[in-house]
Amino acid sequence: GIQVEQSPPDLILQEGANSTLRCNFSDSVNNLQWFHQNPWGQLINLFYIPSGTKQNGRLSATTVATERYSLLYISSSQTTDSGVYFCAVRPGNTPLVFGKGTRLSVIA
Amino acid sequence: GAGVSQSPSNKVTEKGKDVELRCDPISGHTALYWYRQRLGQGLEFLIYFQGNSAPDKSGLPSDRFSAERTGESVSTLTIQRTQQEDSAVYLCASSLAVAGGGYTFGSGTRLTVV
């Protein structure tokens, strides 16, 4: 099946810093989503982005489908950004396949 | 409803007992998914339903696990003869269709088998 690799696995940031999270996938996909799982376990959909670039406040994402990767940018990080960021892809008519996530800790 | 609703939010059960977890998807969402997340791990696909089609059960880890869905509404995930390794958060999501549209997840059911 499709492989989804996220990097880095862990990231510690000082509040106010910027970061880039990466998601590589091994096959073509027709859906890609970025999720944030907060410390209470709730999964929040950040972006539905099978291709192109989207922005939402301090967050933006870019997916280059032809090169099989996606990037999530976090600017001016805040302590509330802490949690785990998951990339998930859908190859064809199948359920989302999740990466193992990037655990982000933002310290004041 | 406005979001995906799961119940109970927490369940502690004795090893060997059966448990039933419930998921109420967003109204109008034809696709419904169950995932499992063990502590500190990623999400593991269990089963999905798409409209009136036969469910894809390929992710169910054993025959102790089963799920049902009535039409395009509520789904229940049943675990029989629970084992300690079943302890995890069980997450339900729904979407407009399998082939398109983003997923919305519920808050999950934290199952602890003692």
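In case you missed it, the structure is sitting above this.
What counts as what
Residues numbered from 1 in each chain as written. Chains lettered and ligands numbered in written order. Predicted model: local features only at pLDDT ≥ 70, side-chain atom pairs only at ≥ 80, totals over all residues. Heavy atoms only, no water. Helix = DSSP H or I, 4+ residues; strand = E, 2+ residues; numbered from the N terminus. Rg over C-alpha atoms; globule rule 2.2 N^0.38 Å. Buried < 20%, exposed > 50% of the residue type's maximum accessible area, 1.4 Å probe, protein only. Contact = heavy atoms within 4.5 Å. Pairing = 2+ DSSP bridges. Axes fitted to C-alpha atoms, helices over the stretch in contact; angles between N-to-C directions. Core = buried A, V, L, I, M, F, W, Y, C linked by side-chain atoms within 4.5 Å. Phe/Tyr/Trp six-rings, centres within 6.5 Å; stacked < 30°, edge-to-face > 60°. Polar contact = N/O pair within 3.5 Å; in protein donor to acceptor, adjacent residues only side chain to side chain.

Visitor: Give me the lowdown on the overall build of chain A, citing residues and values where you can.
Guide: Counting secondary structure elements, chain A contains 0 helices and 11 strands. For chain A, the α and β elements follow one another from N to C terminus as β-β-β-β-β-β-β-β-β-β-β. For chain A, whose C-alpha radius of gyration is 13 Å, the value lies close to the compact-globule estimate of 13 Å for 108 residues. C-alpha atoms of chain A, sized along the principal axes, occupy 40 × 25 × 20 Å. The proportion of buried residues among the 108 residues of chain A is 48%. Across chain A, the fraction of contacts at a sequence separation of at least 24, relative to all contacts at a separation of at least 6, is 55%.

Visitor: An account of the sheet that holds strand β3 (residues 19-24) of chain B is needed here, citing residue identities and associated values.
Guide: Residues and elements named next belong to chain B. The antiparallel open sheet is built from 4 strands, whose spatial order is β1-β3-β7-β6. The open sheet has two free edges, formed respectively by β1 (5-7) and β6 (65-69), since each of these has just one partner strand. Going across the sheet, the axis of each strand differs from the next one's by a mean of 15°, ignoring polarity. Bridge count between β3 and strand β7 (residues 75-79): 5 bridges; the pairing is antiparallel. In the sheet register, valine 19 faces β7, and the bridge partner there is isoleucine 79.

Visitor: Quick one: what's the story with the sheet that holds strand β7 (residues 59-64) of chain A, residue by residue and with numbers?
Guide: Residue and element names in this part refer to chain A. If you trace the 5 strands from one edge of the open sheet to the other, you get β1-β3-β8-β7-β6, paired in antiparallel fashion. In this open sheet, the two strands that pair with only one neighbour each are β1 (4-7) and β6 (52-56). Recorded for the sheet is a direction-independent mean angle of 15° between the axes of neighbouring strands. Note that β1 and strand β3 (residues 19-25) share 4 bridges and pair antiparallel. Within β3, the residue paired with serine 7 across the bridge is arginine 22.

Visitor: Go over the nonpolar core, please, and point to the residues and values.
Guide: Formed by 22 residues in total, the largest nonpolar core has its most connected members in A:Trp34, A:Leu72 and A:Val89. Those elements that provide at least two residues to this core are β2 (10-14), β3, β4 (31-37), β5 (43-48), β7, β8 (69-74), β9 (83-90) and β11 (102-107) of chain A. If you look at the next biggest cluster of nonpolar residues, it comprises 20 residues, including B:Ile26, B:Ile47, B:Leu111 and B:Val113.

Visitor: Explain the packing of aromatic side chains residue by residue, including any values.
Guide: Using the criterion set out here, one finds 11 aromatic pairs over all chains in the structure. Taking the centre distance of 5.4 Å and the plane angle of 75° together, the rings of A:Phe98 and B:Tyr35 count as edge-to-face. In this pair, A:Phe98 sits in strand β10 (residues 97-98) while B:Tyr35 sits in strand β4 (residues 31-37), so the two residues belong to two different chains. Residue class for A:Phe98 comes out buried when judged on its relative accessible area of 10%. Judged by its relative accessible area of 0%, B:Tyr35 is buried.

Visitor: I'd like to hear about the side chain of B:His29, residue by residue, with values.
Guide: All names here are of chain B. Among the secondary structure elements, histidine 29 is positioned in the loop between β3 and β4. Given a relative accessible area of 10%, histidine 29 falls into the buried group. In this structure the side chain of histidine 29 is engaged in a polar contact, spanning 3.3 Å, whose partner is the backbone nitrogen of serine 95. Those residues in contact with histidine 29, other than ones at most four positions away along the chain, are Arg69, Glu72, Ser94, Ser95, Leu96 and Thr104.

Visitor: Describe unusual backbone geometry, naming the residues involved and giving the relevant values.
Guide: For residues besides glycine, phi is generally negative; the peptide bonds are generally trans as well. In this structure, the amide linkage connecting A:Ser7 to the following residue, A:Pro8, adopts the cis form with an omega of -10°. Its location among the elements puts A:Pro8 in the loop between β1 and β2. Residue B:Pro8 follows B:Ser7 across a cis peptide bond; omega there is -10°. By the element assignment, B:Pro8 lies in the loop between β1 and β2 (10-13). Backbone geometry at A:Arg68 places phi at a positive 60°, although glycine is not the residue there. With respect to the helices, strands and loops of the structure, A:Arg68 is situated in the loop between β7 and β8. On the basis of relative accessibility, which here comes to 34%, the residue A:Arg68 falls in the partly exposed class. The backbone phi angle of B:Arg81 is positive, close to 45°, even though this residue is not glycine. On the secondary structure map, B:Arg81 appears in the loop between β7 and β8 (88-95). Residue classification places B:Arg81 among the partly exposed residues on the basis of a relative accessible area of 42%.

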